[in-house]
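# Results of the structural survey
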Amino acid sequence: MPAPSADALKRQAAAVALEAVAPGMRLGLGTGSTAAHFVDLLGEKVKAGLDVLCVPTSERTRAQAQALGVPLATLEEAPELDLAVDGADEFDAQLRLIKGGGGALLREKIVAAAAKRFIVITDESKKVATLGAFPLPVEIDVFGAKATRLHVERAAKDLGLSGTVAPRLKPDGHVFVTDGGHLILDCAFGAIADPEALALRLSAIPGVFEHGLFIGLTTAVVVAGRDGVETLGRLDPA
Ligand code: 5RP
């Protein structure tokens, strides 16, 4: 039998996370190709009668969920969530993540932090021994972007990190702008030995809205691989 594609693995992980959804829940919906599988499967359940209320983390996810008839709310309307489900660009054994490859990290982090449980769905290619092979996204204000970039470079240098810190561009060469109207700096630092220290330094920089290090937020990572689906952490409520 041929090995399952990365996309098939993402859908398997999404299906496992769907088992954690119960009627009446308020859910956070992530962004990206893996989260899109979850939204798709959730849409099927909603069509079959499941009652949930969902807060999307991006306009892209909002449009997908809306088209599937998934009941939506803003985080203003539903500020406390039972569960958020999202993808990741990298995760390590301590359930620390790099997120933001899809440019939605600020809203993703706000939604994850508003949820009692945060389940991350991934295929096995996202597992790393040390975070940082994926360039770390940092969401910044347009105002003073160059000054903020210098601060980010200095903070990284203080921690022994170097590498390109570059504003994200779209494939057409124009600058990428987030749903909230912000810029993303993609920071190619390589291995981040102390993610907690870097997170603290980045959070202290004026002009930085959020960074893509998700630390202490994840309840479980569902990893789909060629040998089956593995769950790190707890899927069920503690
Ligand atoms: C978006 C994200 C995504 O969850 C991350 O980029 C993973 O995406 P995909 O599921 O397409 O691999 O953080 O900001």
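What counts and how
Residues numbered from 1 in each chain as written. Predicted model: local features only at pLDDT ≥ 70, side-chain atom pairs only at ≥ 80, totals over all residues. Heavy atoms only, no water. Helix = DSSP H or I, 4+ residues; strand = E, 2+ residues; numbered from the N terminus. Expected span 1.5 Å × (residues − 1). Buried < 20%, exposed > 50% of the residue type's maximum accessible area, 1.4 Å probe, protein only. Domains from an automatic or database assignment. Salt bridge = Lys/Arg side-chain N within 4 Å of Asp/Glu carboxyl O. Polar contact = N/O pair within 3.5 Å; in protein donor to acceptor, adjacent residues only side chain to side chain. Nonpolar A, V, L, I, M, F, W, Y, C, P; charged D, E, K, R; others polar. Near = heavy atom within 4 Å. Areas by Shrake-Rupley, 256 points an atom, 1.4 Å probe, with all protein chains shown as cover. 1 Å grid on protein atoms, 1.4 Å probe; cavity = no way out; pocket = protein on both sides within 12 Å on 5 of 7 lines; lining within 4 Å. Sits in = over half its atoms within 2 Å of the grid points. Pairing = 2+ DSSP bridges. Axes fitted to C-alpha atoms, helices over the stretch in contact; angles between N-to-C directions. Contact = heavy atoms within 4.5 Å. Points joined across faces, edges and corners; volume = space filled by probe spheres on them. Parallel < 35°, antiparallel > 145°, perpendicular 65-115°, else oblique. Left-handed = near helix turned anticlockwise from the far one by under 90°.

## Thoughts on helix α1 (residues 6-18)
Residues separated by three or four positions in an α-helix point in the same direction, a consequence of the helix having 3.6 residues per turn. Under the 1.5 Å per step criterion, the end-to-end length of α1 is 19 Å for 13 residues, consistent within 8% with the ideal 18 Å. Taken together, the buried positions of α1 are Leu9, Lys10, Ala13, Ala14, Val16, Ala17 and Leu18.

## Things to note about the domain arrangement of the chain
When the domains of the chain are assigned, the result is domain 1 (6-127 + 215-230) and domain 2 (136-210). One C-alpha centre belongs to domain 1, the other to domain 2; they are set 24 Å apart. At the boundary of domain 1 with domain 2, the tally comes to 2 salt bridges. Here lysine 109 ties to glutamate 210 by a salt bridge, and the two come within 2.8 Å at their closest N and O atoms. At the boundary of domain 1 and domain 2, one finds 7 residue pairs in polar contact (both at pLDDT 80 or more). A per-class count over the side of domain 1 that touches domain 2 returns 4 nonpolar, 5 polar and 5 charged.

## A word on the site of the ligand
Not every one of the 17 residues close to the ligand is listed here, only the nearest: Ser33, Thr34, Asp89, Gly100 and Lys126. Contact distances for the ligand include 3.4 Å between an oxygen atom and a backbone N or O atom of glycine 103. Between the ligand and alanine 104 there is a distance of 3.2 Å, counted from an oxygen atom to a backbone nitrogen or oxygen. When the ligand is considered free in solution it has 380 Å² of accessible area, and contact with the protein chains removes 91% of it. When atoms are counted within 2 Å of each cavity's grid points, the one that captures over half of the ligand is the largest pocket.

## Things to note about the sheet that holds strand β10 (residues 208-211)
What the 4 strands build is an open sheet, ordered β8-β9-β7-β10; its pairing is antiparallel. The outermost strands of the open sheet, each flanked by one partner alone, are β8 (165-167) and β10. Ignoring strand direction, the axes of neighbouring strands in this sheet form an average angle of 25°. In this structure, strand β7 (residues 136-140) lies alongside β10, joined through 3 bridges in antiparallel fashion. From the neighbouring strand, isoleucine 140 faces β10, where its bridge partner is valine 208.

## Looking at the pairing of strand β6 (residues 115-123)
Counting buried positions over the 9 residues of β6 gives 8, a clear majority of the element. In the sheet, strand β3 (residues 81-86) pairs with β6 via 5 bridges, with the strands oriented parallel. Within the sheet, the bridge partner assigned to valine 85 lies in β6 and is isoleucine 119. With 5 bridges connecting them, β6 and strand β12 (residues 220-225) associate as parallel partners. What sits directly across from isoleucine 119, in β12, is alanine 220.

## Observations concerning the environment of alanine 114
Along the chain, alanine 114 turns up in the loop between α4 (105-113) and β6. Between the C-alpha atoms of alanine 114 and alanine 133, which are 19 residues apart in sequence, the distance is 28 Å. For alanine 114, the residues in contact, after removing those within four places along its chain, are Leu75, Pro79, Glu80 and Leu81.

## Some points on the pattern of salt bridges
Per the stated rule, a full pass over the model turns up 14 salt bridges. Here aspartate 92 ties to arginine 96 by a salt bridge, and the two come within 2.7 Å at their closest N and O atoms.

## So, the layout of surface pockets
Empty space within the largest pocket amounts to approximately 200 Å³. Along the walls of the largest pocket sit 17 residues, with Thr31, Gly32, Ser33, Asp89 and Gly102 positioned nearest its centre. Per-element tally for the lining of the largest pocket: the top contributor is helix α2 (residues 33-47), with 3 residues. Its residues assigned to classes, the lining of the largest pocket shows 3 nonpolar, 9 polar and 5 charged. Empty space within the second largest pocket amounts to approximately 170 Å³.

## What to know about the packing of α1 against α2
Viewed as axis vectors pointing N to C, α1 and α2 meet at an angle of 50°, and their least axial separation amounts to 8 Å. Between α1 and α2, the angle falls in the class oblique. Between α1 and α2 lies a crossing of right-handed hand. Contacts between α1 and α2 involve Asp7, Lys10, Arg11, Ala14, Ala15, Ala17 and Leu18 from the first element and Ser33, Thr34, His37, Phe38, Asp40, Leu41, Leu42, Glu44 and Lys45 from the second. A class-by-class count of the residues in the contact of α1 with α2 yields 7 nonpolar, 3 polar and 6 charged.

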